[in-house]
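Geometric and topological summary
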Amino acid sequence: MTVKEVAAFLRAHDSYLILTHRRPDGDTLGCAAALCAMLRQMGKTAALLPNAEVTSLYADYVAPYWAAEDYRYETVVSVDLAALGLFPDNAERFKNRVDLAIDHHPSYEGFGKESCVHPECAACGEILYELAVELGQLTPAVALPLYVAVSTDTGCFVYSNVTANTHRVAAALMETGIDYRAANKRHFRTKTKKRLALEAELLRTMEFYDEGRVVVVTLPLSLAERLSLTEADMDDVSALGGVVEGTDCSITMKETKDGAWKISVRTGARVNATKACAALGGGGHRAASGCVYHGPLAEAKAAILAAVQAAAEE
């Protein structure tokens, strides 16, 4: 569907339930909050399916929109949700029930009855911005979470998938009068003391492979427990390895509570991150993808390093 077709779809339906993905980031949460605000401004009934993994960093944006337990929905919409494996536990029942999926991942699995997918967009928030304009609903209440969506998913506009359009969208959102300065301070210029301690430990223990071009950052549960870290303290640790001079592939491995390893791969032009993570059942963007490996750390590390090497050779 085009954005214009999505706008017509939203006008024609009602009683919306909006889904976000597992381990939610600023893009999925910002898009969900903005979409819910748009629909309510249009006189529609809309709410977000509660996501238990939301951290304190993003909670304020979605808090007004959570669905009550007895919420009665008719139309299910997902935002920034590319794969069936990324549905939260309480969203499992919706895997075959998504009426409209809005996404920007090339690896989107096509589960929506209708889909609006634009891989050329650096953030799903760019699509939601176009939708807000098409619907005539670009208010500050919509613009603030969209600014958070776009800015956080692009590392404050520094990732390689950022385009001129990304900046145009950000400028238009800023011009609505939102307090983008406070958002930038909150998300890019503020770190807890525990976060600084975490970064020091990760920098001390990072490992280098392939003549220094590949860096592996490992965050085991034991480290998180020793430093008493919250999920907010560990937000976006995948960006850390990529700042090391001489590297063009950063692999971040974070141990989950069930003993698996959540792997995030960030790359330059030499390695296709999507292909590397697809080899382990994941996906995402060419320069930023992820997957989950169930097994010991040594096996997980060997598997992703082999996948990265294969993706580089291709």
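Structural notes, computed from the coordinates.

For the rest of this paragraph, the subject is the packing of aromatic side chains. One pass over the full model with this rule turns up five aromatic pairs. Ring geometry for Phe 87 versus Phe 111: centroids 5.2 Å apart, planes at 80°, classification edge-to-face. Residue Phe 87 is found in the loop between strand S3 (75-79) and strand S4 (100-103), and its partner Phe 111 is found in the loop between S4 and strand S5 (114-117); the two are separated by 24 residues along the sequence. Accessibility assignment for this pair places Phe 87 and Phe 111 in one class, buried. Here the aromatic residues Phe 87, Tyr 108 and Phe 111 are joined through ring pairs into a cluster of three or more.

Here we take up the sheet that holds strand S1 (residues 16-19). With parallel pairing, five strands are arranged side by side in an open sheet as S2-S1-S3-S4-S5. At either margin of the open sheet sits one strand with a lone partner, and together these are strand S2 (46-48) and S5. With strand direction ignored, the average angle separating the axes of adjacent strands in the sheet is 20°. For S4 and S5, the ladder comprises four bridges, and the chain directions are parallel. By the bridge assignment, Ile 102 is partnered in S5 with Cys 116. Sitting on the sheet, helix H1 (residues 3-12) is in contact with S1, S3, S4 and S5, with an inclination near 140° to S4. The strands touched by helix H4 (residues 124-135) within the sheet are S4 and S5, with S4 carrying the most contacts at an inclination of about 120°.

This part takes up the pattern of salt bridges. Here the structure, examined in full by the defined rule, presents 16 salt bridges. A salt bridge links Asp 233 to Lys 194, with the shortest nitrogen-to-oxygen separation between them at 3.7 Å. Taken together, the residues span a long stretch of sequence, with Asp 233 in the loop between helix H9 (221-226) and strand S8 (249-255) and Lys 194 in helix H8 (residues 193-205) at a distance of 39 residues. Between Glu 231 and Lys 254 there is a salt bridge, with the nearest N and O atoms lying 3.0 Å from each other. Taken as a pair, Glu 231 in the loop between H9 and S8 and Lys 254 in strand S8 lie far apart in primary sequence, 23 residues in all. Residue Glu 231 is classed as partly exposed on the basis of its relative accessible area, which comes to 41%. Residue classification places Lys 254 among the buried positions, given a relative accessible area of 16%.

What counts as what
Residues numbered from 1 in each chain as written. Predicted model: local features only at pLDDT ≥ 70, side-chain atom pairs only at ≥ 80, totals over all residues. Heavy atoms only, no water. Phe/Tyr/Trp six-rings, centres within 6.5 Å; stacked < 30°, edge-to-face > 60°. Helix = DSSP H or I, 4+ residues; strand = E, 2+ residues; numbered from the N terminus. Buried < 20%, exposed > 50% of the residue type's maximum accessible area, 1.4 Å probe, protein only. Pairing = 2+ DSSP bridges. Axes fitted to C-alpha atoms, helices over the stretch in contact; angles between N-to-C directions. Contact = heavy atoms within 4.5 Å. Salt bridge = Lys/Arg side-chain N within 4 Å of Asp/Glu carboxyl O.

So yeah, pure geometry; function would need other evidence.
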